[in-house]
Every structure is written in C-alpha cells, then in structure tokens.
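Commentary on secondary and tertiary structure
Read off the chains here:
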Amino acid sequence: MKLILSSNSPRRRELLAGLDIPFEVRVVSGIDESFPDDLPTDEIAEFVARKKAAAYAVAEDEIVITADTIVVLDGEVLGKPRDLADAAAMLRRLSGRTHRVITGVTLKNYVKQTSFSVVSEVTFKSLSEAEISYYLRYYKPLDKAGAYGIQEWIGYIGVTSLSGSYFNVMGFPVQRIHEVLCKEFGLNFQDFDKTLKL
C-alpha cells in the first residue's frame, strides 16, 4: 500500500516521516479551501480536509492523507495572516489567552474514506510587544494558522500550558493518524523495514 501525503507543509512531512512508514508527497494545486459562513467552527477544518481529498483520484494501492488546521479564539477562526501587521494583531489577541487548535484529517483509499478532527487547547502568557516583534522579525508566521508555530521560539517562551496533542498544534495529529491507518486501513508498522527509507 502506498501512502500519499497531500501537503506542502514541511512540518507535516517531518511528523509523518516520524511514523517510519514510507510515503510520497503529491499536491494538487488550486484547491478551493472556502467553507460556508454558517458552518460551526468545530467542523471547518474537517470540511476543508474533505474538500482537499475530493481533488484526488487514488489508485487501488494508494491511501491519501489530507489535513487542515485552524486556530479558534472566541468563536472566530484565525487563519494564516495576510501580512506581518495581521500576524502581529493575531499574536496580540492570543496573548494571555487560551485558544483552540483544530486539525481536520481525511484518509482516503480506493474504496473508503474516513475523516476526523482533533482539538487541542493552548494558553499563552502575556506577550510583550518586544517579544512579538522579535518573533515576526526572525521567524516565518505567514504560513501558519494563528501566526505562530508552537515548535518555534514563540512557543518556547510563550506557551504556559497545553491540553491535548502537541503534534496536533503543529498541524498533524500523528498519533490519531497512525491509529486510523492501522485500525481502519490495515497498515502495520511492523511490515515496513526502516532501512528502506535510508
């Protein structure tokens, strides 16, 4: 069985590689990631992950994985910032608050499709303007939902507590993905020789 990751995210590639299951990256460009305005926030990431999966025609020996991650604060979705000013505004809003990170995932093969969402809660300390400016100057917040990566400097100095999966906050809940691959798609990590990846 061939595992296909549909993502340009280096973080998702790194996390999936950590499962020691061979995979390839295949990305369809131009997928519409919009969602209905009245869709509940808890359903948005999974809805978009399913839309991404619908763009793929899979062969009989393939499983494709699509994912979408959103940050939710006070019922509002904080997506990827438009520019650095927008990123700064998002970080100010997250400062001293607890927010939710929701990743929707779809796994699809020739005969079946499974979707799920994983939710984590993240609390930031009160961030100073100097800390926000430093992060924006030396890191790349524009490709990240909520304008931050928990695995980067801002996460090191700013996150005071986390409830749920750390890897989900990075954008890819690998524990749940591995569980679904094994239980619902019949993959067995023992079938793969790690030396084949080297």
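Shown above is the structure to which this text applies.
Right, let's walk through the structure included here. (Residues numbered from 1 in each chain as written. Predicted model: local features only at pLDDT ≥ 70, side-chain atom pairs only at ≥ 80, totals over all residues. Heavy atoms only, no water.)

Quick look at the overall build of the chain
Threshold: The numbering of helices and of strands both runs from the N terminus, where a helix is a DSSP run of H or I of at least 4 residues and a strand a run of E of at least 2. With the radius of gyration taken over C-alpha atoms, the globule rule is written as 2.2 Å times the number of residues to the power 0.38. Whether a residue is buried, partly exposed or exposed follows from its accessible area with a 1.4 Å probe, protein chains only, as a fraction of its type maximum: under 20%, in between, or over 50%, in that order. Whether two residues touch is decided by their heavy atoms; if any such pair falls within 4.5 Å, the residues are in contact. For every accessible area listed, the method is Shrake-Rupley and the probe measures 1.4 Å; residues are considered covered only by the protein chains on display. Counted charges follow a simple rule, with Lys and Arg positive, Asp and Glu negative, and His plus the chain ends left uncounted. For the purpose of locating charges, the reference atoms are NZ of Lys, CZ of Arg, CG of Asp and CD of Glu.
Helix and strand content of the chain: seven helices and seven strands. Relative to a compact globule of 198 residues, whose C-alpha radius of gyration would be 16 Å, the chain shows 17 Å and is just as compact. On the principal axes, the C-alpha backbone points of the chain span a range of 50 × 40 × 30 Å. With 198 residues in all, the chain has 46% of them scored as buried. Of the contacts formed within the chain by residues at least 6 apart in sequence, a portion of 67% connects residues at least 24 apart. Total accessible area on the chain stands at roughly 10,000 Å², and carbon and sulfur atoms take up 50% of it. Averaging the positions of the 24 positive and the 27 negative side-chain charges in the chain gives two centres separated by 3 Å.

Focus: the packing of aromatic side chains
Filter applied, for reference: Stacked, tilted and edge-to-face are the three classes applied to pairs of Phe, Tyr and Trp rings, where Trp contributes its six-membered ring and a pair requires centres within 6.5 Å; stacked means planes under 30 degrees apart, edge-to-face means over 60, and tilted covers the rest. To sit over a ring, a charge needs its Lys NZ or Arg CZ within 6 Å of the ring centre and within 35 degrees of the ring normal.
In this structure the tally under the stated criterion is five aromatic pairs. Ring centres of Phe124 and Tyr148 lie 5.0 Å apart, and the angle between their planes is 85°; on these two criteria the pair is classed as edge-to-face. Taken as a pair, Phe124 in strand E6 (residues 113–124) and Tyr148 in the loop between helix H4 (129–138) and helix H5 (153–158) lie far apart in primary sequence, 24 residues in all. Of the residues examined, Phe124 reaches a relative accessible area of 2% and is grouped as buried. Residues Tyr134 and Trp153 carry aromatic rings whose centres are separated by 4.6 Å and whose planes lie at 50° to one another, so their mutual orientation is tilted. Of the two residues, Tyr134 is situated in helix H4 and Trp153 in helix H5; the sequence distance between them amounts to 19 residues. The class of Tyr134 is partly exposed, set by a relative accessible area of 33%. Classification of Trp153 by relative accessible area gives partly exposed; the value is 21%. Three or more aromatic residues link up through ring pairs in this structure, and these residues are Tyr134, Tyr138 and Trp153. Directly above the aromatic system of Phe185 lies the positively charged group of Lys112, at a separation of 5.1 Å from the ring centroid.

Observations regarding the packing of helix H3 (residues 84–94) against H4
Going by this rule: Every angle, taken between N-to-C directions, lies between 0 and 180 degrees, and every axis is a line fitted to C-alpha atoms, over only the stretch in contact when it is a helix. Any angle from 65 to 115 degrees is called roughly perpendicular, while one under 35 is roughly parallel, one over 145 is roughly antiparallel, and all others are oblique. Crossings are sorted by hand: turned counterclockwise from the far helix by less than a right angle, the near helix makes the crossing left-handed, and turned clockwise it makes it right-handed. Ten residue types, Ala, Val, Leu, Ile, Met, Phe, Trp, Tyr, Cys and Pro, are classed as nonpolar, four, Asp, Glu, Lys and Arg, as charged, and the remainder, Gly among them, as polar.
Packing of H3 against H4 brings their axes to within 10 Å, and their N-to-C directions diverge by 140°. Relative to H4, the element H3 lies oblique. Handedness of the H3/H4 crossing: right-handed. Together, Leu84, Ala87, Ala88, Leu91 and Arg92 of H3 and Glu129, Ile132, Tyr135 and Leu136 of H4 make up the contact between the two elements. Among the residues forming the contact of H3 with H4, the class breakdown is seven nonpolar, no polar and two charged.

Thoughts on helix H2 (residues 41–54)
Test applied: By this rule, a helix spans an expected 1.5 Å times one less than how many residues it contains.
Taking 1.5 Å per residue as the helical rise, H2 with its 14 residues ought to reach 20 Å, and the 21 Å between its terminal C-alpha atoms agrees with that figure. Within H2 the residues assigned to the buried category are Thr41, Ile44, Ala45, Glu46, Val48, Ala49, Lys52 and Ala53. The inward-facing, buried residues of H2 contact strand E3 (62–73), strand E4 (76–78), strand E5 (98–108) and E6.

As for the environment of Leu107
Position of Leu107 relative to the elements: it lies in strand E5. Leu107 sits in the buried class, given a relative accessible area of 0%. For the pair Leu107 and Thr66, spaced 41 residues apart in the sequence, the C-alpha separation amounts to 6.6 Å. The residues touching Leu107, leaving out its near neighbours within four places in the chain, are Val64, Ile65, Lys112, Gln113, Thr114, Phe116, Ile177, Val180, Leu181 and Phe185.

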